[in-house]
Amino acid sequence: MTEQLHLVQEWDKVFPKSDKVDHKKVTFHNHFGITLAADMYTPKNASGKLPALAVSGPFGAVKEQSSGLYAQEMAERGILTIAFDPSYTGESGGTPRYMQSPDINTEDFQAAVDYLSTLENVDADKIGIIGICGWGGIALNAAAIDPRIKVTVASTMYDMSRIAGNGYFDSADNEEARYQARLALANQRTKDYQNGDYALAGGVVDPLPEDAPQFVKDYYAYYKQPRGYHARSLNSNNGWAVQSNTSFLNTRFLHYTDEIRNAVLVVHGDKAHSYYMGKDAFEKLTGDNKKMISVVGASHCDLYDQKDIIPFDDIEKFINENL
């Protein structure tokens, strides 16, 4: 049974609407039976079959933020795009709300490819994906399992599976630390079942401590200020479902990335705290159609929404060369 979603039709993005593209809300479903909501951006006066991109991320964000900005920008450059809310997030379906799953989220990208492949104005042989921040790792996971994805862009990539298992900057990469994390999560599950609801944890710290690391300050500046805040984004409202990390602890996204045959572009800022993850991911890739771009002077969140910093020209060139 298809879920009935309640979609906001007025423009409520954190970025201005472009007059170079046509915009509409669309829905599609994944193999778990969850209906996903997306914004479709089509180049104005486009004709014939177009290349297409599915865009999502950052982790915990919604399509009205960074992913929508990327999608609209790439549509201005001649590509049909959709920016979608992941399962359990934003305007998409699925209950309970704000849950995350490495398997279901990988499936979300595949479902987006399913949908794009069936559109009359899309060339099914020219479909790619863009994953931003935590969804960069999910994008590589999807590319490793789905050869229909001809090009993958991981922008300011953040490997949520590595963070869940190893801690920030691999600071808890040992058996005892993982056991304590599993124990805390398991105990929280008991409390949640007793309470009949799911606790929220993680997200962006608020208020911001004076001694917070720079990357935490970057997140705060993005999600707590008008440039990145959106009411449907749980990152903007301080949290995501604590159960989400249970399966992430035992998951590794990059296991088969050395077998990705299609094109991959990894984009990072040289001041991004997740640079080491993107560098590790890139070094695992094989073949001559892989590329990494390091943006000088860019922090992690600069590559979320700063159009004068995001290397859209390079992204466009790489996609066009490989679609």
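Everything discussed here concerns the structure shown above.
This structure is a prediction, so every number in the text was calculated from the model and none was measured.

### Considering the nonpolar core
Formed by 89 residues in total, the largest nonpolar core has its most connected members in Ile82 and Ile315. In contact with Ile315, other than residues within four places in its own chain, are Tyr70, Met74, Val153, Leu265, Val267 and Ile310.

### Focus on the packing of aromatic side chains
For any pair of aromatic rings, the description rests on two quantities: the centre-to-centre distance and the angle between the ring planes. Considering all chains together, one arrives at 14 aromatic pairs under this definition. For the ring pair Trp11 and Phe15, a centre distance of 5.6 Å and an interplane angle of 90 degrees mean the geometry is edge-to-face. What makes Phe15 buried here is its relative accessible area of 7%. Relative to Tyr168, the ring of Tyr158 has its centre 6.4 Å away and its plane inclined at 45 degrees; by these criteria the two rings are tilted. Of the two residues, Tyr158 sits in the loop between strand 6 (151–155) and helix 4 (160–166) while Tyr168 sits in the loop between helix 4 and helix 5 (175–195), which places them ten residues apart along the sequence. Accessibility expressed as a relative area gives 37% for Tyr168, which makes it partly exposed. By way of ring pairs, the aromatic residues Phe28, Phe84, Phe109, Tyr115 and Trp135 are connected into one cluster. Across from the ring centre of Trp11, 5.4 Å away, lies the NZ or CZ of Lys13, which sits over that ring.

### What to know about the sheet that holds strand 4 (residues 80–84)
Consider a sheet: its strands pair through backbone hydrogen bonds, and that pairing is either parallel or antiparallel. Taken in spatial order, the eight strands make up an open sheet running 1-2-4-3-5-6-9-10, and their pairing is mixed. In the strand order of this sheet, the two ends are held by strand 1 (21–29) and strand 10 (290–295), each with one partner. When the angles between neighbouring strand axes are averaged without regard to direction, this sheet yields 20 degrees. On top of the sheet, helix 2 (residues 102–117) reaches strand 1, strand 2 (35–43), strand 3 (50–56), strand 4 and strand 5 (122–132); it is set at about 150 degrees to strand 5, its chief contact. Strand contacts of helix 3 (residues 134–145): strand 3, strand 4, strand 5, strand 6 and strand 9 (263–269), with the helix running at about 145 degrees to strand 5, the strand carrying the most contacts.

Reading guide: rules and limits
Residues numbered from 1 in each chain as written. Predicted model: local features only at pLDDT ≥ 70, side-chain atom pairs only at ≥ 80, totals over all residues. Heavy atoms only, no water. Core = buried A, V, L, I, M, F, W, Y, C linked by side-chain atoms within 4.5 Å. Buried < 20%, exposed > 50% of the residue type's maximum accessible area, 1.4 Å probe, protein only. Contact = heavy atoms within 4.5 Å. Phe/Tyr/Trp six-rings, centres within 6.5 Å; stacked < 30°, edge-to-face > 60°. Helix = DSSP H or I, 4+ residues; strand = E, 2+ residues; numbered from the N terminus. Lys NZ or Arg CZ within 6 Å of the ring centre and 35° of its normal. Pairing = 2+ DSSP bridges. Axes fitted to C-alpha atoms, helices over the stretch in contact; angles between N-to-C directions.

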